[in-house]
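Below are the chains, spelled out letter by letter.
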There are 2 protein chains.
Amino acid sequence: MTTMLIPRAVRAQAPALSKELAPNYGSTVCRRWKSGPYGYTQAKALVYSKYGDPSNVLSLHTHSISPSLPSNQLLLRTLATPINPADINQIQGVYPSRPPFTTLLGTPEPSAVGGNEGCFQVQSVGSAIKSVQKGDWVIMKNTGFGTWRTHALAKENNVLKIEDKEGLSPLQVGTVSVNPCTAYRMLKDFTTLEPSQDWFIQNGANSGVGRAAIQLGREWGYSSINIIRDRKTAEDTEAMKKELLDLGATKVLTESELQSREGAAHIIDWTGGKNLKLGLNCVGGPQTQALTKTLSQGAHLVTYGAMSKQPLSVPTGLLIFKDIKFSGYWVSRWSDAHPEEKKKTVEEILTLTREGKFKDVPFQEMRWDWGTEESVLKGGIAGTLEGFRSGKGVLVYGDT
Amino acid sequence: MTTMLIPRAVRAQAPALSKELAPNYGSTVCRRWKSGPYGYTQAKALVYSKYGDPSNVLSLHTHSISPSLPSNQLLLRTLATPINPADINQIQGVYPSRPPFTTLLGTPEPSAVGGNEGCFQVQSVGSAIKSVQKGDWVIMKNTGFGTWRTHALAKENNVLKIEDKEGLSPLQVGTVSVNPCTAYRMLKDFTTLEPSQDWFIQNGANSGVGRAAIQLGREWGYSSINIIRDRKTAEDTEAMKKELLDLGATKVLTESELQSREGAAHIIDWTGGKNLKLGLNCVGGPQTQALTKTLSQGAHLVTYGAMSKQPLSVPTGLLIFKDIKFSGYWVSRWSDAHPEEKKKTVEEILTLTREGKFKDVPFQEMRWDWGTEESVLKGGIAGTLEGFRSGKGVLVYGDT
């Protein structure tokens, strides 16, 4: 990458707003600092140089990007980037995928940029670039690129072009490749569910993945049993149940209802005891046994998270006699192995989104303007783990 | 079935030995009571009418079988039947496959016959039977038939004919369909191991299944890492290691060697960290984690037993990030679903046996003659669970 650190004095001379770089998408008006006196693009990035708590190790780094693009590179500006729990784990150093620390952005210490997902607009392209052009929206092909930044230089094969962005918001595009793709592939890649016949069951049903699975299941004719944590009040529980039923959930049970004899009996009744072919698990620990035991003979339990932070406990009889199969799903691995399939999956979900058949999870938007303080950005990111349950944080880039 | 209870007084009149029914297989001379004055075959069976400890609930039941066979039935006499741990669990009522209790043998209470595996010789066939003839050896197609009996009436589709019994002993044939088939299918049906490249690891390596897997692996070019329990003395440990190495094990480690840092490092060294594609587990419990953690990315752990009687504990990271897949294997389910494949698998193993490439596990033979006391048979069966480790009990039918 060809980035250069430019003195702050130079950056301060470059406040001119370029109108051509301010498309109006939805309700968010984008204004961009284009260039200083030498045509440099001013950029900021949330970087870290060691692993630890994001509020300790993240810092907001300002740098500049040369106007003379290498022929094989793209200059992207960022429109929206979510804050996923995995991003936090990555910064904490407890995630298996770790981007290398480099000095490409001119940081005092080698660093990496936080974030893995996002929607970007192509601002300019090198002379050899054919597949995308200025104004196109792209997402990252793989995780690990570092997306919490106002601008980025990328290569053509770093990105997947969104073929038709009409009717979509940057937020919808910028959040499609992790949670919705996870739900999509877990419903399709482990067992074959027969429409109008088969069921799946999932815990963490009101998470981003859970809500995506409910809606895709509804579209594909798969009935769903959705487990949520017990809320503090009966009203809160009923409100959450209603929300998921409105999304297309077939049944919603609380964790304690699942653990009860009646809950298990209901599930056998609903599914005929033989059509519950798939379980999606993001909780783990001993409490997941109750969910696993509801699965029908030969079913598959797919684990994609461990909110309980405890290992999955698997009674041997479920393996040997009930032939339950246990796998894990990691969307990063899938993305890296199947870029073409990722593109198709993303396009299919975005089509459903455009048609109003696939709704976003409740998002907490956090605006990142040029003047947004480092402390504000770091505070918003640190609050994300709770956001995983109550809604999800997304950085929406405004006046950067 | 057409069985009749005949008074003991009648049975007592029928001691005549039929020479034609006394083939000499190996060193065991078979003598048979053929018939009483009315041509009835005298038979005995170990039956149970309620679930419980075998020494409490088993009884030796004497009955007679009419000489006039229905056209679609076979009269079998039993040559050898092993005592597998699952047979004990079945009698205890803790096994998912339970034969129905019936009055077909004329027991005072409805009963089932113990045992699931064995080698039988066809004694006579009904007029409509085409696929087998007198003198053929057969095994049971499915489990649950009840094999601890001197004779049995069966239908044509209950049995699989051994196409070439030349050079084989009833013991070899009578023990082929559970443990060797389990090892065979686990090595073949869950992942594709590349000969001369890939490895598998197994605990309980000196069990019947373990020894079968070692030998099949050796024949097929799969290297094996074999975990055994620590013996009381270093000499005993070395003796067991030598025994398994002589069978064709590539490496043998004790449980404590596996749990050590050096053990894990050795395994990475041997397998290049990427060619350990399959684990076979008959232990379960927390201690199996060490074995699971040695598996390479994307490997499969197949569980077929639970000697620790504890659930398998599965760290979520192994599922999600290392993509380890967990399945169970139950040979009864496979037999029922794939009778043709069972026949082929059995024939292939018996061919290796005949060629001296597949050796029996150490067996404890227990002879069942007409005069063998009930208490002797029950005592031998009750001693089988320990036999699972130190050798396996097989009932060999002599003068019955």
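Residues numbered from 1 in each chain as written. Chains lettered and ligands numbered in written order. Predicted model: local features only at pLDDT ≥ 70, side-chain atom pairs only at ≥ 80, totals over all residues. Heavy atoms only, no water.

Chemist: What should I look at first to understand the overall build of chain A in this one?
Modeler: Each helix and strand counted, chain A has 15 helices and 20 strands in total. Relative to its full complement of 400 residues, chain A shows a buried share of 57%. Within chain A, contacts between residues separated by at least 24 positions form 75% of all contacts whose residues are at least 6 apart in sequence. Carbon and sulfur atoms make up 51% of the accessible area of chain A, which totals about 15,900 Å². (Helix = DSSP H or I, 4+ residues; strand = E, 2+ residues; numbered from the N terminus. Buried < 20%, exposed > 50% of the residue type's maximum accessible area, 1.4 Å probe, protein only. Contact = heavy atoms within 4.5 Å. Areas by Shrake-Rupley, 256 points an atom, 1.4 Å probe, with all protein chains shown as cover.)

Chemist: Quick question: what am I supposed to make of the environment of E355 of chain A here?
Modeler: Residues and elements named next belong to chain A. Along the chain, E355 turns up in the loop between α13 (339-354) and β19 (363-368). For the pair E355 and G167, spaced 188 residues apart in sequence, the C-alpha to C-alpha distance is 9.0 Å. At 3.3 Å, the side chain of E355 and the side chain of K357 are in polar contact. (Polar contact = N/O pair within 3.5 Å; in protein donor to acceptor, adjacent residues only side chain to side chain.)

Chemist: In this structure, what is going on with the packing of aromatic side chains? I would like to understand it.
Modeler: Working definition: an aromatic ring pair is given by the centre-to-centre distance plus the angle between the planes. Taken as a whole and judged by the stated rule, the model has 22 aromatic pairs over all chains. Centre to centre, the rings of Y48 of chain A and F101 of chain A are 5.6 Å apart; their planes meet at 90 degrees, and the pair counts as edge-to-face. Taken as a pair, Y48 of chain A in strand β4 (residues 41-48) and F101 of chain A in the loop between α3 (85-92) and β7 (112-113) lie far apart in primary sequence, 53 residues in all. What links up through ring pairs into an aromatic cluster is the set Y48, Y51 and F101 of chain A. If you follow K188 of chain A out to its NZ or CZ, it ends over the ring of W220 of chain A, 4.3 Å from the centre. Here the guanidinium or amino end of K44 of chain B rests over the ring plane of W370 of chain B, the centre of that ring lying 4.4 Å away. (Phe/Tyr/Trp six-rings, centres within 6.5 Å; stacked < 30°, edge-to-face > 60°. Lys NZ or Arg CZ within 6 Å of the ring centre and 35° of its normal.)

Chemist: Would you explain the confidence of the model for chain A in this entry?
Modeler: Atomic detail in the predicted coordinates should be set aside for any region of low pLDDT. Summary statistics for chain A give a mean pLDDT of 88 and a share of 89% for residues scoring 70 or more. Contacts from residues 1-34 of chain A, a stretch scored under 50 in pLDDT, to residues over four places away or in other chains number 91 contacts. (pLDDT = per-residue confidence, 0-100.)

Chemist: Help me out: how do you make sense of unusual backbone geometry in this one?
Modeler: All names here are of chain A. For K309, which is not glycine, the phi torsion reads 55 degrees and is therefore positive. You can see K309 is positioned in the loop between β16 (300-303) and β17 (312-314). Under the relative-accessibility criterion, K309 is labelled exposed at 76%.

Chemist: What is the right way to look at the pattern of salt bridges in this model?
Modeler: When charged atoms on two side chains of opposite charge get close, those side chains can pair. According to the stated counting rule, one finds 31 salt bridges over all chains in the structure shown. In this structure, the salt-bridge partner of R333 of chain A is D323 of chain B, at a minimum N-O distance of 3.5 Å. Placement of the pair is R333 of chain A in helix α12 (residues 331-337) and D323 of chain B in the loop between α11 (316-320) and β18 (325-328), with the two residues belonging to separate chains. The salt bridge partner of K357 of chain B is E355 of chain B, with a shortest N-O separation of 3.3 Å. Members of the salt-bridge network, linked through shared partners, are D136, K161, E163 and K343 of chain A. (Salt bridge = Lys/Arg side-chain N within 4 Å of Asp/Glu carboxyl O.)

Chemist: It is not clear to me how the relation of the copies chain A and chain B should be interpreted in this structure. Could you clarify?
Modeler: Relating one copy of the chain to the other takes a rotation about an axis and a shift parallel to that axis. If you rotate chain A by 180 degrees and push it 0.0 Å along the axis, it lands on chain B with an RMSD of 0.0 Å. The superposition operator between the copies reduces to a two-fold rotation axis. (Least-squares fit on C-alpha atoms with pLDDT ≥ 70 in both.)

Chemist: Help me understand the interface of chain A and chain B in this model?
Modeler: By a frequent convention, interface size equals the accessible area lost on bringing the separate parts together. Across the boundary between the two partners, chain A contributes 27 residues, which contact 27 residues of chain B. In total, chain A and chain B occlude about 2,000 Å² of area from one another, counting both sides; carbon and sulfur atoms represent 64% of this. Interface area lost by chain A to chain B is led by L319, I320 and F321 of chain A, which between them contribute 28%. Taken together, chain A and chain B are joined by 2 salt bridges. Counting the contacts that link chain A with chain B gives 8 residue pairs in polar contact (both at pLDDT 80 or more). Mapped by element, the contributors of at least two residues to the side of chain A that touches chain B are β17, α11 (316-320) and β18 (325-328) of chain A. With 4 residues, the top contributor of residues to the side of chain A that touches chain B is β18 of chain A. Tallied by class, the residues present in the side of chain A that touches chain B amount to 15 nonpolar, 8 polar and 4 charged. (Buried area = accessible area lost by both parts, 1.4 Å probe. Nonpolar A, V, L, I, M, F, W, Y, C, P; charged D, E, K, R; others polar.)

Chemist: Got a minute to help me understand the nonpolar core in this structure?
Modeler: Most often, soluble globular proteins keep nonpolar side chains buried together rather than apart. In terms of nonpolar packing, the biggest core is built from 38 residues, with I201, I225 and F326 of chain A together with I201, I225 and F326 of chain B touching the most fellow members. The residues touching I225 of chain B, leaving out its near neighbours within four places in the chain, are W199, F200, I201, Q202, K251, L253, I267, W270, T271 and L276 of chain B. (Core = buried A, V, L, I, M, F, W, Y, C linked by side-chain atoms within 4.5 Å.)

Chemist: Please explain the side chain of E117 of chain B as it appears in this structure.
Modeler: All names here are of chain B. With respect to the element layout, E117 can be found in the loop between β7 (112-113) and β8 (119-125). One polar contact links the side chain of E117 to the main-chain amide nitrogen of V176, over a distance of 3.4 Å. Within the structure, E117 has its side chain in polar contact with the backbone nitrogen of V178 (distance 2.9 Å). In this structure E117 touches T81, P82, N84, T147, G174, T175, V176, S177, V178 and K392, once residues within four positions along its chain are discounted.

Chemist: Honestly, helix α7 (residues 234-247) of chain A in this entry has me stumped. Any pointers?
Modeler: Three- or four-residue spacings in an α-helix give side chains the same orientation, since the helix completes a turn every 3.6 residues. Residues and elements named next belong to chain A. Taking 1.5 Å as the rise per residue, α7 with 14 residues should run 20 Å; its terminal C-alpha atoms sit 20 Å apart, in good agreement. Those residues of α7 that fall on the buried side of the exposure criterion are T237, M240, K241, L244 and L247. Within α7, the buried residues cover an arc of 120 degrees as seen down the axis, which keeps them to one side. Of the exposed residues in α7, the ones pointing more than 90 degrees away from its buried face are A234, E235, K242 and D246. In this structure, the buried residues of α7 make contact with α6 (208-220), β13 (223-228), β14 (251-254) and α8 (255-259). Following α7 by one or two positions, G248 adopts a phi angle in the positive range, close to 125 degrees. (Expected span 1.5 Å × (residues − 1). Arc of directions from axis to C-beta.)

Chemist: Could you clarify how one ought to interpret α3 of chain A in this entry?
Modeler: All names here are of chain A. Restricting attention to buried positions, one finds in α3 the residues D87, I88, Q90 and I91. Looking straight down α3, one finds that the buried residues subtend no more than 160 degrees of arc, so they occupy a single side. Immediately beyond the C-terminal end of α3, within one or two residues, lies G93, with a positive phi of roughly 85 degrees.

Chemist: Would you take a moment to explain the packing of helix α5 (residues 179-189) of chain B against helix α6 (residues 208-220) of chain B for this structure?
Modeler: All names here are of chain B. Relative orientation of the contacting elements α5 and α6 amounts to 50 degrees, with a least axis distance of 8 Å. Classified by the angle between their axes, α5 and α6 sit oblique to one another. Crossing of α5 over α6 shows right-handed handedness. Counting all contacts with α5, which are made through N179, P180, T182, A183, Y184, M186, L187 and K188, the residues of α6 involved are G208, V209, A212, A213, L216, G217 and W220. (Axes fitted to C-alpha atoms, helices over the stretch in contact; angles between N-to-C directions. Parallel < 35°, antiparallel > 145°, perpendicular 65-115°, else oblique. Left-handed = near helix turned anticlockwise from the far one by under 90°.)

Chemist: Help me understand the side chain of T237 of chain B in this model?
Modeler: Residue and element names in this part refer to chain B. Summarising the element assignment, T237 is placed in helix α7 (residues 234-247). Take T237: its relative accessible area is 10%, and that puts it in the buried class. The residues contacting T237, other than those within four sequence positions of it, are I228, D230, R231 and T254.

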